Amino acid sequence: MDRITVADIAKTFQLKPGQTVTVDGLRSNSITVLSGLDLSIRQGEFITLVGPSGSGKSVLLDIVAGLTDATAGTASIDGEAITGPDPRMAYVFQQYALFPWRTALENIEYALEVRGVGRAERRARARHFLSLFGLHGFEDRYPSQLSGGMQQRVAIARALSVEPEVLLMDEPFAALDAQTRDILQSELLRIWERLRTTVIFVTHSIDEAVYLADRVVAITARPGRVKEIIDVDLPRPRAEGLRNSPEFAHLKGRVWNVLRDEVRAAQKDWALSSATH
Ligand SMILES: Nc1ncnc2c1ncn2[C@@H]1O[C@H](COP(=O)(O)OP(=O)(O)OP(=O)(O)O)[C@@H](O)[C@H]1O
């Protein structure tokens, strides 16, 4: 069954008066970032989105999250059009987005309070999700007392604690060092294997995209649409050592082959824009 459907989505931004961009060599005061984008995501699937910078990946996530409207086309969850933020979805951003004046536990409790969960259950659930992410003993720490990796664990624990049907993740590990990033990828998969939440995860890392996904969705240079979907038929649970296997290298090569022309096209686009302004 499809959990999320995106049908013929387009998104155009009108720029502020006086602002212009160069599109196909012509100056314009609007910018179309997505055009004719179709995508269906099955219940319980782990999807990663890759594409050049500026190809509209974050905008697509915002449309699915109901944070911004599409200019054309529809996005649906369980067959219902998405018209605004939906309690069935949770979002994790690149920056930790925790409340600095609340402890790790209170950050999670807050998300549950907003959704009307009673006090005792809030506390129990917040503790449970923190311990799932190995943060038992850190409940009373404030974000400034936690490392970047720990803060992002709290942010993911908070998102999952509301038991969303769909988890949207926009480059959640991009700000972390390489080792912490690898560890968090494995932790996320370990927990995802238990919960089987539908995940849409944006990343610039082809390694990360292949390691995590059931399917990698490659987006074209602006205006973004789906260029190709690569099935990742690697066994689960995914072992750390999988990264050293020939199958993994082969899949990374396939994704890069699909993306290479799009990254070049995006770079040409920027060069043209900066040369004419
Ligand atoms: N509110 C806005 N007004 C005007 N342009 C916008 C707005 N939001 C996004 N854009 C433009 O839309 C394009 C796509 O942005 P988006 O952040 O979705 O790209 P992305 O694929 O996620 O890029 P990156 O990988 O670099 O994060 C960019 O050129 C951006 O400048």
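Source: prediction; values computed, not measured.

1. Concerning the overall build of the protein chain
Of the regular secondary structure elements, the protein chain holds seven helices and 12 strands. Rg of the C-alpha trace for the protein chain: 20 Å, near the compact-globule value of 19 Å for 277 residues, within the 12% margin. With 277 residues in all, the protein chain has 38% of them scored as buried.

2. Observations regarding the site of the ligand
Neighbouring residues of the ligand: Phe 13, Ile 31, Val 33, Gly 51, Ser 53, Gly 54, Ser 55, Gly 56, Lys 57, Ser 58 and Val 59. Of all the elements in the fold, those that place two or more residues in the shell around the ligand are β4 (30-42) and α1 (57-65). Tallying contributions element by element places α1 first for the shell around the ligand, with three residues. A breakdown of the residues in the shell around the ligand according to their chemical character gives four nonpolar, six polar and one charged.

3. Quick notes on unusual backbone geometry
Of the consecutive residues Arg 222 and Pro 223, the connecting peptide bond is found in the cis state with omega at -5°. In the segment running from Arg 236 into Pro 237, the intervening peptide bond is cis, with an omega of -5°. By secondary structure assignment, the location of Pro 237 is in the loop between β12 (226-231) and α7 (246-275). The backbone of Glu 171 sits at a positive phi, close to 45°, despite the residue not being glycine. The residue Glu 171 is located in the loop between β9 (166-170) and α5 (178-195) in this model. Of note in this structure, Arg 196 is not a glycine but carries a positive phi near 55°. Under the C-beta neighbour-count criterion, Arg 196 is labelled exposed, with 11 such atoms within 10 Å.

4. Overview of the confidence of the model for the protein chain
In the predicted model, the protein chain carries a mean pLDDT of 92, and the fraction of residues at 70 or more is 97%. Listed scores for the predicted complex are pTM 0.94 and ipTM 0.97.

5. Considering the domain arrangement of the protein chain
Many authors give the size of an interface as the accessible area that is lost as the parts come together. You can read the domains of the protein chain as domain 1 (2-71 + 82-88 + 164-272) and domain 2 (99-163). Just the C-alpha atoms count here: the centres of domain 1 and domain 2 sit 26 Å apart. Taken together, the contact between domain 1 and domain 2 spans 14 residues of the former and 12 residues of the latter.

6. Side note on the environment of Asp 214
Within the secondary structure, Asp 214 is located in the loop between α6 (206-212) and β11 (215-219). On a C-alpha basis, the gap between Asp 214 and Thr 12 in space is 30 Å, while along the polypeptide they are 202 residues apart. Each residue touching Asp 214, except ones within four places of it in the same chain, is listed here: Glu 45, Phe 46, Ile 47 and Val 232.

7. A word on the nonpolar core
Ranked by internal contacts, the top residues of the largest apolar core, which has 71 residues, are Val 64, Leu 168, Val 216 and Val 255. Two domains each put at least three residues into this core: domain 1 (2-71 + 82-88 + 164-272) and domain 2 (99-163). Not counting chain neighbours up to four residues away, the residues in contact with Val 255 comprise Val 50, Ile 206, Ala 209, Val 210, Val 216, Ala 218 and Ile 230.

8. Notes on the pairing of strand β8 (residues 89-92)
Burial along β8 is two-sided: Met 89 and Tyr 91 facing one way and Ala 90 and Val 92 facing the other are all buried. Relative to β9, β8 runs parallel, the two being bridged by four bridges. Within β9, the residue paired with Met 89 across the bridge is Val 166.

9. Section: the packing of helix α4 (residues 148-161) against α5
Where α4 meets α5, the closest approach of the two axes is 11 Å, and the angle between their N-to-C directions is 20°. Relative to α5, the element α4 is oriented roughly parallel. Relative to α5, α4 is oriented so that their crossing is right-handed. Contacts between α4 and α5 involve Gly 149, Gln 152, Arg 153, Ile 156 and Leu 160 from the former and Thr 180, Leu 184, Leu 188 and Leu 195 from the latter. Of the residues belonging to the contact of α4 with α5, the class tally is five nonpolar, three polar and one charged.

Reading the values: the criteria
Residues numbered from 1 in each chain as written. Predicted model: local features only at pLDDT ≥ 70, side-chain atom pairs only at ≥ 80, totals over all residues. Helix = DSSP H or I, 4+ residues; strand = E, 2+ residues; numbered from the N terminus. Rg over C-alpha atoms; globule rule 2.2 N^0.38 Å. Buried ≥ 20, exposed ≤ 12 C-beta atoms within 10 Å, placed from the backbone. Near = placed C-beta within 6 Å. Nonpolar A, V, L, I, M, F, W, Y, C, P; charged D, E, K, R; others polar. pLDDT = per-residue confidence, 0-100. Domains from an automatic or database assignment. Contact = placed C-beta atoms within 7 Å. Core = buried A, V, L, I, M, F, W, Y, C linked by C-beta atoms within 7 Å. Pairing = 2+ DSSP bridges. Axes fitted to C-alpha atoms, helices over the stretch in contact; angles between N-to-C directions. Parallel < 35°, antiparallel > 145°, perpendicular 65-115°, else oblique. Left-handed = near helix turned anticlockwise from the far one by under 90°.

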